[in-house]
Amino acid sequence: LQGMNTGLLLDFDFEHPNHTFQEVTGNLLFSTHDPEGDYYYGGDICVHPDYRRKGIGSKLYESRKDVVRKLNRKGIIAGGMLTGFHKYAVRLSIYLSVRLSM
């Protein structure tokens, strides 16, 4: 396995956008998937460390766009979890955490 991505279709409430990853994914079971949903909610994209910097992540993201086009949906909403961020949230901004992990 070189990489994987997860996602689901849903109707997103842009008037009330705040949510947790657990809420939107049905506690990570993706039970909130609605085959008729207008938006593709991107869960995770990950690439095995041995295969990074080879364009696999870009191809996985392109596959999300292909799903949206093929199913004629309105767009993509990207979400995800930063594993372990809760340990540093008091001392480290989300922006700096992401920059340091790159």
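It is worth spelling out the environment of Gly37 at this point. Tracing the backbone shows Gly37 in the loop between helix H1 (21–25) and strand E2 (39–47). Note on Gly37: relative accessible area 0%, which makes it buried. In sequence terms Gly37 and Leu9 are 28 residues apart; their C-alpha atoms lie 4.9 Å from each other.

Taken in spatial order, the three strands make up an open sheet running E1-E2-E3, and their pairing is mixed. Of all strands in the sheet, those with a lone pairing partner are strand E1 (3–10) and strand E3 (75–78), marking the two edges. Taken pair by pair, the neighbouring strands of this sheet meet at an average axis angle of 35°, ignoring direction. Direction of pairing for E2 relative to E3: parallel, over a ladder of four bridges. Bridge pairing links Tyr40 to Ile76 in E3. Against the sheet, helix H2 (residues 56–70) engages E1, E2 and E3, with an angle of about 165° to E2.

Here the focus is H2. An ideal rise of 1.5 Å per residue puts 21 Å on 15 residues; H2 measures up with 21 Å between its terminal C-alpha atoms. Turning to H2, its buried residues number three or more, namely Ile56, Leu60, Arg64 and Val68. What you see down the axis of H2 is that its buried residues fit within an arc of 145°, all on one side. Summarising the geometry of H2, the exposed residues directed more than 90 degrees from the buried face are Ser58, Lys59, Arg69 and Lys70. At its buried positions, H2 is contacted by E1, E2 and E3. Two residues or fewer past H2, Asn72 is found with a positive phi of approximately 55°.

A separate point is the packing of aromatic side chains. For the coordinates displayed, the defined rule picks out three aromatic pairs. Each ring, one from Phe14 and one from Tyr39, has its centre 5.2 Å from the other, and the planes form 70°; the classification is edge-to-face. Of this pair, Phe14 sits in the loop between E1 and H1 while Tyr39 sits in strand E2, and the two are 25 residues apart along the sequence. Measuring from ring centre to ring centre gives 6.4 Å for Phe21 and Tyr41, while their planes differ by 40°; the resulting arrangement is tilted. Of the two residues, Phe21 is situated in helix H1 and Tyr41 in strand E2; the sequence distance between them amounts to 20 residues. The same class applies to Phe21 and to Tyr41, which are both buried. Here the aromatic residues Phe12, Phe14 and Tyr39 are joined through ring pairs into a cluster of three or more.

Before going further, it helps to examine the pattern of salt bridges. Opposite charge on two side chains allows them to pair when their charged atoms are near. With the rule as written, the count across this model stands at three salt bridges. The shortest N-O distance in the salt bridge between Glu62 and Lys65 comes to 2.7 Å. Pair noted here: Glu62 and Lys65 are both in helix H2, with a separation of three residues, about one helical turn. Since its relative accessible area comes to 29%, Lys65 is described here as partly exposed. Asp66 serves as the salt-bridge partner of Arg69, at 2.9 Å between the closest nitrogen and oxygen. Remark: Asp66 and Arg69 occur in helix H2; sequence separation between them is three residues, near one turn of the helix. A relative accessible area of 52% places Arg69 in the exposed class.

What counts and how
Residues numbered from 1 in each chain as written. Predicted model: local features only at pLDDT ≥ 70, side-chain atom pairs only at ≥ 80, totals over all residues. Heavy atoms only, no water. Helix = DSSP H or I, 4+ residues; strand = E, 2+ residues; numbered from the N terminus. Buried < 20%, exposed > 50% of the residue type's maximum accessible area, 1.4 Å probe, protein only. Pairing = 2+ DSSP bridges. Axes fitted to C-alpha atoms, helices over the stretch in contact; angles between N-to-C directions. Contact = heavy atoms within 4.5 Å. Expected span 1.5 Å × (residues − 1). Arc of directions from axis to C-beta. Phe/Tyr/Trp six-rings, centres within 6.5 Å; stacked < 30°, edge-to-face > 60°. Salt bridge = Lys/Arg side-chain N within 4 Å of Asp/Glu carboxyl O.

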